[in-house]
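The residues making up each chain are set out below.
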Amino acid sequence: MDHEPTGLPRPEDENAWSVASTAATALALYRPRTLKNGSSFLVLDHFGDAQAIGSTAEGLFHEDTRFLSRVSLRLAGLRPLLLSSAVSADNTVLTVNMTNPDIPVAPDRRLVRNSIHVERQIVLGNGLVRERITLRNFSGAQLTSELLLTFAADFADIFEVRGHRRAGRGERRQPEGREGGGLVFAYSGLDGAERRTRLSFDPPPDGPPGRDNRWALDLPPGGARVIEIAITCESGPERAPPPSPAFDGLLAGIREWSGARGAEGARVLSSNKVFDDWFARAAADLTMLTTQTPSGPVPYTGIPWFSSPFGRHSLLTAMQCLWADPALARGVLRFHARHQATELDPARDAEPGKILHELRSGEMAALHEVPFGRYYGSADSTPLYVMLASQYADRTGDWALIREIWPNIVAALRWIERHGDLDGDLLLEYERQSQDGLLNQGWRDSWDSVFHEDGQLAEGPIALIEVQAYAEAAWRGAGRMALALGLEDEAEVWRSNADALRARVEEAFWCEDLSTYAMALDAAKRPCRVRSSNAGHALLTGLAPPERAHRLAQTLMAPESFGGWGIRTIAEGESRYNPMSYHNGSVWPHDNALIALGMKRYGLNGPLERLLTGIYDAAQAGDLRRLPELFCGFPRREGESPTAYPVACLPHSSATAAAYAALGAMLGLSFRPEERTVRFHRPILPPWLEELRIENLRLGEASVDVRLRRHKADGGVSLNVLRRQGQLEVAVIT
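Residues numbered from 1 in each chain as written. Predicted model: local features only at pLDDT ≥ 70, side-chain atom pairs only at ≥ 80, totals over all residues. Heavy atoms only, no water.

### Here's the deal with the overall build of the protein chain
- Within the protein chain, the regular secondary structure consists of 17 helices and 33 strands.
- In terms of overall size, the protein chain behaves like a compact globule, its C-alpha atoms giving a radius of gyration of 27 Å where 734 residues would be expected to give roughly 27 Å.
- Overall, the protein chain is about 85 × 60 × 50 Å in size when its C-alpha atoms are taken along their principal axes.
- Counting across all 734 residues of the protein chain, residues that qualify as buried make up 61%.
- Sequence separation of at least 24 residues holds for 66% of the intrachain contacts in the protein chain that already meet a minimum separation of 6.
- Total accessible area on the protein chain stands at roughly 26800 Å², and carbon and sulfur atoms take up 49% of it.
- Of the charged side chains in the protein chain, 80 are positive and 93 negative, and the gap between their average positions amounts to 5 Å. (Helix = DSSP H or I, 4+ residues; strand = E, 2+ residues; numbered from the N terminus. Rg over C-alpha atoms; globule rule 2.2 N^0.38 Å. Buried < 20%, exposed > 50% of the residue type's maximum accessible area, 1.4 Å probe, protein only. Contact = heavy atoms within 4.5 Å. Areas by Shrake-Rupley, 256 points an atom, 1.4 Å probe, with all protein chains shown as cover. Lys, Arg positive; Asp, Glu negative; His and termini not counted. Charge placed at Lys NZ, Arg CZ, Asp CG, Glu CD.)

Right, here's the structure in full:
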């Protein structure tokens, strides 16, 4: 969704930032162990080790730099045998259980397998790792062995890890032992920044600390040895490190924050254990991916390639979760108000009022080797910002926040009108200004993702169908907000803009013979007559007239588009269809979830249930019930799982939020803050979900717990209020 990860720019457009993957195996099959906290993330193998080879994204990353590229544990020179490896359900601690293999210790003697239990527990803070290694002797005899821990730090920029070749790098110095048994890796970047990885050991190793660190083990029967490691990521001039929490304190603090974050939103339980696992995993992943910023909580996009703030992703994630967790939308709206562009800067594709696309903090961004330090090259983030603001107002009635960000909303609307509409035809178009920026600037932003039916690439300026849907919703939502704020003249103008844009889209984009909207219009206003999932976003916003909405839904659910797991980005049979591509035939969970919300809007419960079943089944087949960023678009076959895309982020915020959107679509949830009412519009529960309980569904200071049940006879749904706190009514609209 944000310049394919990665490798080198394609020869077709060396500056397009849409590149061929160099992955040797799919992350979804490799299934690394991941933790994230703030601007840091950790990717380890099942043993708790990291071995960064080529573009393998293993190691400890902080602020777009890899501070540890190798972590290796060996017992008597050998890798232990793996017993189990799992991240806790709340994503706070990785626990790895191992034991020794048969190890010769003398010509006539050996350490028998399963004699020593090795437990690794790893916790990640922001720029901080704490690891506790416990070795216990279960053999019944005195045992002597050796523990070896090896570390390395390459200080690679995340874009280097993704495959970008650099003309030069800074100076990486030899690791330096420090008093007390500590160890420091250091790197002087070309950007003038000093970066260090500081390690300390308790107890210190038995020799001078370095890349290899050894502890002699002398364990009595039933005896144990505990070794703790602290790893800190540092930038700037070297100074005495401030005190940091030990293992237990760090873990307790993370769990306290995670618990508080989770308590702000609604909780979901059902009669289906698999569904509960999916939703619980989504809630935990969303909490892990969320970073507390000065503006409030903001979801970072995905591990490993996009662990940073993105406009489109954060807005769509907040939108999908809005019914359950409006606090997330509040943080996202404030964050993007703070980072909204205020001036023309073609090198960053920035224009006054435009909402951020991507924010990076690594060496390559600082040196402008990549354009994404603070980059604005997306056509959809700005209308999505206004769209989310209006949905947030409808959901919460929080007019204090709307007044606070009103200048930002108005600036975004001015951008849509003045800079987004390049030729004055009412449509929102894009054409990159930065030669190093993104060639395509919608959510399908690969270099070859916008094309005509004969496969010819569309030339810009390009007007995408989904961007027109967002823009129409932005104008209409702004009109509602303006009217509520007493700005009747602005409300009338903005509603008129929405009406005019709607008429223009129907005239220019609808393809009668294809029963869908064209993917885009090119510079000559020629429609890209390609069946794509983009058109489904016209359902999300209500852009499509009802009769065309029904036909569009049929097109999206035809076998060429719906392969059983979800709707493909591009229908089978189109000229550039490739089910293994990043954007031209793959299946994206967030894309499907947004279409599902659109189907609900038009009362299309039949296709909605089929689509949600596909999404649910895909989650059921995933490791830990996680939906990846995307997966391949091959047709579903009996007994098989979705085919993994090699370098898909896992977890990924907008894919994670699809669980919330799917449930919101089932239940038809809406809110009337002025009436203190929560509404369920023609709720459905699929056959695999007979009963559902939602707790702490909030509106202002009031909250309710409700239970919904599916009736087997007719598929109807009944609702009971189980608990009510404060003034809040619940209505079911049939």
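### Topic: the nonpolar core
- Counting residues in hydrophobic clusters, the biggest one holds 138 residues, and the most contacted among them are Phe275 and Trp323.
- Here this core takes 11 residues from helix α10 (residues 465-484), the largest share from any one element.
- Here Phe275 is in contact with Val268, Ser270, Tyr616, Leu663, Met666, Trp688, Leu689 and Leu692, once residues within four sequence places are set aside.
- Judged by nonpolar contacts, the second largest core, of 42 residues, contains Phe47, Leu124, Phe185 and Leu199. (Core = buried A, V, L, I, M, F, W, Y, C linked by side-chain atoms within 4.5 Å.)

### Focus: the layout of surface pockets
- For the largest pocket, the calculated volume is near 1200 Å³.
- Along the wall of the largest pocket there are 38 residues; nearest its centre are Gln391, Asp394, Arg601, Leu669 and Ser670.
- Along the lines of polarity and charge, the residues of the lining of the largest pocket split into 17 nonpolar, 10 polar and 11 charged.
- Counted as a void, the second largest pocket has a volume near 590 Å³.
- Those elements that provide at least two residues to the lining of the second largest pocket are β12 (128-137), β15 (182-188), β16 (194-202), β18 (224-235) and α3 (247-263).
- With seven residues, β18 is the largest single contributor of residues to the lining of the second largest pocket. (1 Å grid on protein atoms, 1.4 Å probe; cavity = no way out; pocket = protein on both sides within 12 Å on 5 of 7 lines; lining within 4 Å. Points joined across faces, edges and corners; volume = space filled by probe spheres on them. Nonpolar A, V, L, I, M, F, W, Y, C, P; charged D, E, K, R; others polar.)

### Here we look at the sheet that holds strand β19 (residues 267-270)
- Taken in spatial order, the four strands line up as β19-β30-β31-β32 in an open sheet, and their pairing is antiparallel. The sheet is open, and its two borders are formed by β19 and β32 (717-725), each paired with just one other strand. Sheet twist, expressed as the mean angle between neighbouring strand axes with direction ignored, is 20°.
- Sheet topology places strand β30 (residues 691-699) next to strand β31 (residues 702-710); seven bridges connect them, and they run antiparallel. The residue of β31 that forms the bridge with Leu699 is Ala702. (Pairing = 2+ DSSP bridges. Axes fitted to C-alpha atoms, helices over the stretch in contact; angles between N-to-C directions.)

### Quick word on the side chain of His62
- Counting through the fold element by element, His62 comes out in strand β4 (residues 59-62).
- Separated by 2.7 Å, the side chains of His62 and Ser40 make a polar contact.
- Setting aside residues no more than four positions away along its own chain, His62 makes contact with Ser39, Ser40, Phe67, Asn126, Gly127 and Cys233. (Polar contact = N/O pair within 3.5 Å; in protein donor to acceptor, adjacent residues only side chain to side chain.)

### Topic: the environment of Gly125
- For Gly125, the position within the fold is in strand β11 (residues 116-125).
- Among the residues examined, Gly125 registers a relative accessible area of 3% and is labelled buried.
- Considering only alpha carbons, one finds Gly125 and Gly210, 85 residues apart in sequence, at a separation of 24 Å.
- Residues contacting Gly125, with those up to four places away along its chain left out, are Asn37, Ser40, Leu250 and Ile254.

### So, unusual backbone geometry
- Note the cis peptide between Asp202 and Pro203, where omega equals 0°.
- The topology assignment puts Pro203 in the loop between β16 and β17 (212-219).
- Phi at Asp349 is positive, roughly 55°, even though this residue is not glycine.
- Structurally, Asp349 is set in the loop between α6 (326-338) and β22 (358-359).

### Digging into the pairing of strand β21 (residues 296-299)
- Inspection of the sheet shows strand β20 (residues 290-293) paired to β21 by four bridges, in the antiparallel sense. Of the residues in β21, the one forming a bridge with Thr290 is Pro299.
- Hairpin connection, β20 to β21: the antiparallel pair is bridged by two residues.

### Observations regarding the sheet that holds strand β6 (residues 70-75)
- Taking strand neighbours across the sheet as the criterion, the four strands line up as β3-β6-β13-β17 in an open arrangement whose pairing is antiparallel. If you trace the sheet from one side to the other, it starts and ends with β3 (50-51) and β17, each paired once.

### Structural notes on the pattern of salt bridges
- Here the structure, examined in full by the defined rule, presents 58 salt bridges.
- The salt bridge involving Arg360 is made with Glu358; its shortest N-O contact spans 2.7 Å.
- With a relative accessible area of 0%, Glu358 lands in the buried category.
- One salt bridge connects Lys712 with Glu690, and the closest N-O pair in it is separated by 4.0 Å. Of this pair, Lys712 sits in the loop between β31 and β32 while Glu690 is found in the loop between β29 (677-681) and β30, placing the two residues 22 residues apart along the sequence. (Salt bridge = Lys/Arg side-chain N within 4 Å of Asp/Glu carboxyl O.)

### Brief notes about empty space enclosed by the protein
- Inspection of every chain in the model, using the stated rule, returns three cavities of 30 Å³ or more.
- Space inside the largest cavity adds up to approximately 110 Å³.
- Around the largest cavity, the lining is made up of 14 residues, and of these Glu351, Lys354, Tyr430, Glu431 and Gln441 lie nearest the centre.
- The residue inventory of the lining of the largest cavity, partitioned by class, reads four nonpolar, four polar and six charged.

### Regarding helix α9 (residues 399-420)
- End to end, α9 covers just 27 Å across 22 residues, shorter than the expected 32 Å (1.5 Å per residue, more than 12% under).
- In α9, a bend of some 55° at Ile405 exceeds every other bend along the element, and Pro407, a proline, comes one to four places later.
- Within α9 the residues assigned to the buried category are Leu401, Ile402, Ile405, Trp406, Asn408, Ile409, Val410, Ala412, Leu413, Trp415, Ile416 and Gly420.
- Lining the buried residues of α9 we find α6, α8 (381-396), α10 and α11 (488-509). (Expected span 1.5 Å × (residues − 1). Bend = angle between axes of the 7 residues up to and from the residue.)

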